[in-house]
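Each chain, letter by letter, is given below.
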Amino acid sequence: MLGLENKDTKFLLVVVALTLCTPIILQPFPEGSSLAQFNAGYPDLMQRFAIFGIFAIGFNILFGLTGYLSFGHAAFLGVGSYSTVWMFKLLSYNVLPGLVLAVITSGIFALFIGYISLRRSGIYFSILTLAFAQMSFNLAYSVLTPITNGETGLQVYTDDPQYLMGEGALTTTHVFGLAMNKSLIVPIGGWEFNFNVGYYFCAIIAILAFYLSLRIFRSPFGLMLRAVKSNQQRMNYTGLNSRPYTLAAFVISGMYAGLAGGLLASMDPLAGAERMQWTASGEVVIMTILGGAGTLMGPVLGAGFIKYFENIFSKINDNVLHGWFSFLPDGIEDFFINIVNPFFGEGWHLTLGLLFMCVVIFLPGGLMEGGQRILNLLKRKSKDTADDDSAHHPKQSPHVAE
Amino acid sequence: MDALLLQILNGLDKGSAYALIALGLTLIFGTLGVVNFAHGALFMIGAFCAVTLQKILSLSSTTLDPTKTDFLGNPAKIETPYVESWFGPEIGAALIDWSVPLGILFAIPIMISIGFIMERGLIKHFYKRPHADQILVTFGLAIVLQEVIKHFYGANPIPTPAPDAFRGSFDFGSMLGFDPNVIIYPYWRLVYFFFSVLIIGGVFAFLQFTTFGMVVRAGMADRETVGLLGINIDKRFTIMFGIAAAVAGLAGVMYTPINSPNYHMGMDFLVLSFVVVVVGGMGSLPGAVLAGFMLGILESFASMNQIKAIFPGIDQIIIYLVAILILLTRPRGLMGRKGVMED
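Residues numbered from 1 in each chain as written. Chains lettered and ligands numbered in written order. Predicted model: local features only at pLDDT ≥ 70, side-chain atom pairs only at ≥ 80, totals over all residues. Heavy atoms only, no water.

- For chain B, an unreviewed UniProt entry supplies the name Branched-chain amino acid ABC transporter permease and the organism Pseudohalocynthiibacter aestuariivivens.
- As stated in UniProt under Sequence similarities (unreviewed entry), the record for chain B gives "Belongs to the binding-protein-dependent transport system permease family. LivHM subfamily." (UniProt positions renumbered as here; feature names shortened; annotations may be inferred.)

- Under an unreviewed UniProt entry, the name given to chain A is Branched-chain amino acid ABC transporter permease, and the organism recorded is Pseudohalocynthiibacter aestuariivivens.
- One UniProt comment on chain A, placed under Subcellular location (unreviewed entry), says "Cell membrane".

Written out as structure tokens, the structure reads:
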């Protein structure tokens with residue numbers, strides 16, 4: 001189906017089902033219960049899952065397949081956001097023209113940066129992309145203020161032209177009249193499920209993006225990119241010019257990043273330069289590695305993981321911790337809280353950094369490899385016990401003839 | 001002419017910081033072959049060593065003075081730093097005043113031991129892994145270090161003034177025969193420049209004129225052969241890592257009066273110093289120093305109004321622009337050795 005093998009079709013269907021049911025899956029605890037703070041089924045966070053999932057999928061097409069580590073991908077995110085907000089300012093709040101422009105401009109931008117940066121590889125490539133991204137960031141803050149509105153960030157003002165705005169048109173972002181912030185809230189029992197238009201819009205685009213990356217992974221083009229990763233020199237010796245392939249991968253992943261940036265602006269019509277800073281590029285690197293570079297699902301998992309903890313971990317403050325440890329005697333309770341406290345709330349970056357280091361040290365394949373190892377372990381164990389039965393306990397010959 | 005001199009002087013202090021950090025980075029890369037993204041964090045930790053020493057020195061005992069009252073009518077609290085009560089008011093005040101230079105002595109053992117722990121505990125296990133893995137794990141370490149500092153010192157910059165004697169500026173131009181009041185230069189920046197020259201000279205002399213340095217240089221050229229000659233090169237490289245960490249830390253200590261340290265100053269410098277290393281040529285010590293000063297001075301030239309009028313915004317991007325140009329035209333950087341990190 002859809003040009004996929006049987007196995008991949010199943011995989012895709014599972015992903016689609018999971019994505020569409022996210023508002024239900026992420027809301028496992030009833031409202032008002034003490035665990036409700038772990039619920040992630042609110043629109044803002046779910047949109048971030050989908051958007052940063054797209055960003056990480058795109059980054060993975062470059063880094064996971066070709067092994068080129070770009071430290072400047074946030075620049076494309078920023079460019080995408082700026083283009084989308086400009087479309088809001090010039091045309092109307094309909095997000096589609098903005099997204100199309102975001103993909104196009106970031107693609108052109110990526111073509112330019114990639115054409116120059118891909119002349120080098122290894123750490124030099126990383127530094128070149130980093131240099132370009134920092135240049136864009138610095139320029140967006142200073143000289144390009146007429147385009148980017150500098151430190152304030154680009155936003156829509158009432159005196160903007162908005163040529164396509166009809167009478168009584170929506171003044172929030174929408175797709176053909178369907179407002180992004182509209183939600184259908186379904187209370188069932190103690191649970192409350194929030195089906196948000198913005199989330200489903202992002203989710204459908206994310207599924208398309210995922211399908212595209214699945215096709216790329218399975219295509220001859222994807223195979224060529226993997227060959228670049230495993231031994232580019234040998235490819236060159238066989239007389240094959242790998243540059244067009246890597247450039248194509250770079251542009252595709254830049255367009256993904258632009259799309260993600262456009263979606264960010266579509267959910268909240270605001271674009272700031274800090275989206276382009278190199279630490280933002282570092283974040284997508286962390287997401288991809290944490291989930292598992294070069295795997296299909298890994299980057300999405302990594303993005304979801306980080307965004308979940310960013311939102312949930314950082315909300316856990318002293319009071320919540322006191323609630324957790326309240327079963328302990330007072331002195332011990334304070335002692336535990338003092339130990340745990342730096343890792344929660346504002347200190348969640350510390351947890352993230354430690355976690356990231358552990359993944360790089362012990363699980364170079366990321367969460368996906370971790371899952372695989374656990375699966376293998378379970379499988380082997382069950383096999384071992386089966387083997388035990390047959391090999392180490394030879395069947396006793398029956399005492400009595402049957 | 002005096003405008004040119006002023007810009008060169010302005011570039012020197014930033015250039016010195018770049019050169020010191022890049023020197024440490026190159027020492028690590030040249031000896032151990034590790035790309036250390038946590039080097040900016042080491043710079044930051046050095047700066048916080050100075051902050052810590054200042055805090056320790058100004059720990060005070062509070063006594064109530066019944067003869068004076070504050071505006072609420074309570075007896076006034078008088079804070080006397082312990083050092084003043086121990087060593088007498090004059091020496092004590094001088095100690096507090098000179099806390100930043102004293103921070104050098106304080107930082108050296110701390111930075112060297114941090115370097116040792118980092119190398120033995122973490123970096124050692126990454127020699128055989130690809131450069132991308134080294135970048136990632138040290139990047140993670142940098143995040144952890146800066147969050148730890150943020151936890152203890154908060155997110156706001158902490159002002160750490162220079163000693164009284166070096167506060168303020170002086171008329172450098174009139175000393176050289178220019179018109180007075182044209183080239184005004186802060187004392188501390190000059191101190192920083194001479195300090196960095198001293199450190200750089202020290203590191204080079206150490207490598208050039210001691211037996212230890214000779215062995216390290218031999219190890220940089222061909223690690224395996226040196227190992228085959230029965231020399232424990234790993235141990236010496238670990239010591240070099242400690243020295244590199246100390247160089248970064250000292251650069252941080254002395255930088256505190258110029259810019260109040262905050263927890264992400266390391267990240268701000270990291271990117272620039274990497275650019276400096278790459279421009280100078282990976283693994284080339286003179287290249288790193290040269291590129292550091294060159295980029296610092298270029299940056300300050302680009303911020304001249306005359307130049308900004310021609311190319312608006314050039315001061316923001318000049319370093320990156322130069323880096324891109326050099327990387328594309330000279331694949332090994334300015335002074336890179338043949339065969340080191342070429343692709």
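There's plenty left to go through after this.
**Notes on the interface of chain A and chain B**
For step 1, the next point in the chain: Counting residues at the interface gives 36 residues for chain A and 39 residues for chain B.
For step 2, the next point in the chain: At the boundary of chain A with chain B, total buried surface from both sides reaches about 3,500 Å², with 80% on carbon and sulfur atoms.
For step 3, the next point in the chain: Contact with chain B buries surface across chain A, with Ile123, Tyr124 and Trp278 of chain A losing the most and accounting together for 19% of the total.
For step 4, the next point in the chain: At the junction of chain A and chain B, the tally comes to zero salt bridges.
For step 5, the next point in the chain: Here chain A is connected to chain B by four residue pairs in polar contact (both at pLDDT 80 or more).
For step 6, the next point in the chain: Broken down by secondary-structure element, the contributors of at least two residues to the side of chain A that touches chain B are α5 (122–141), α11 (278–291) and α15 (348–362) of chain A.
For step 7, the next point in the chain: Counting residues per element, the side of chain A that touches chain B draws most heavily on α5 of chain A, at 12 residues.
For step 8, the next point in the chain: Residues belonging to the side of chain A that touches chain B are distributed by class as follows: 25 nonpolar, eight polar and three charged. (Contact = heavy atoms within 4.5 Å. Buried area = accessible area lost by both parts, 1.4 Å probe. Salt bridge = Lys/Arg side-chain N within 4 Å of Asp/Glu carboxyl O. Polar contact = N/O pair within 3.5 Å; in protein donor to acceptor, adjacent residues only side chain to side chain. Helix = DSSP H or I, 4+ residues; strand = E, 2+ residues; numbered from the N terminus. Nonpolar A, V, L, I, M, F, W, Y, C, P; charged D, E, K, R; others polar.)

**Points about the nonpolar core**
For step 1, the next point in the chain: Core analysis: the biggest nonpolar cluster contains 220 residues, and Ile54, Phe201 and Trp278 of chain A together with Phe37 of chain B have the highest contact counts within it.
For step 2, the next point in the chain: If we skip the residues at most four places from it in the chain, Trp278 of chain A touches Phe71, Leu130 and Gln134 of chain A together with Phe37, Phe139, Met267, Leu270 and Val271 of chain B. (Core = buried A, V, L, I, M, F, W, Y, C linked by side-chain atoms within 4.5 Å. Buried < 20%, exposed > 50% of the residue type's maximum accessible area, 1.4 Å probe, protein only.)

**Side note on the packing of aromatic side chains**
For step 1, the next point in the chain: Under the defined criterion, the tally for this structure stands at 30 aromatic pairs over all chains.
For step 2, the next point in the chain: When the centroid spacing of 5.5 Å and the interplanar angle of 90° are considered together, the rings of Tyr308 of chain A and Phe309 of chain A count as edge-to-face.
For step 3, the next point in the chain: Considering the side-chain rings of Phe48 of chain B and Tyr153 of chain B, the 4.9 Å spacing of their centres and the 50° angle between planes classify their relative orientation as tilted. Of the two residues, Phe48 of chain B is situated in helix α2 (residues 39–57) and Tyr153 of chain B in helix α6 (residues 131–153); the sequence distance between them amounts to 105 residues.
For step 4, the next point in the chain: The exposure class of Phe48 of chain B is buried, given its relative accessible area of 2%.
For step 5, the next point in the chain: In textbook terms, an aromatic cluster arises when at least three aromatic residues are bridged by ring pairs, as seen for Tyr68, Phe76, Phe109, Phe125 and Phe250 of chain A.
For step 6, the next point in the chain: Lying over the aromatic face of Trp86 of chain A, Lys89 of chain A brings its terminal NZ or CZ to 5.5 Å of the ring centre. (Phe/Tyr/Trp six-rings, centres within 6.5 Å; stacked < 30°, edge-to-face > 60°. Lys NZ or Arg CZ within 6 Å of the ring centre and 35° of its normal.)

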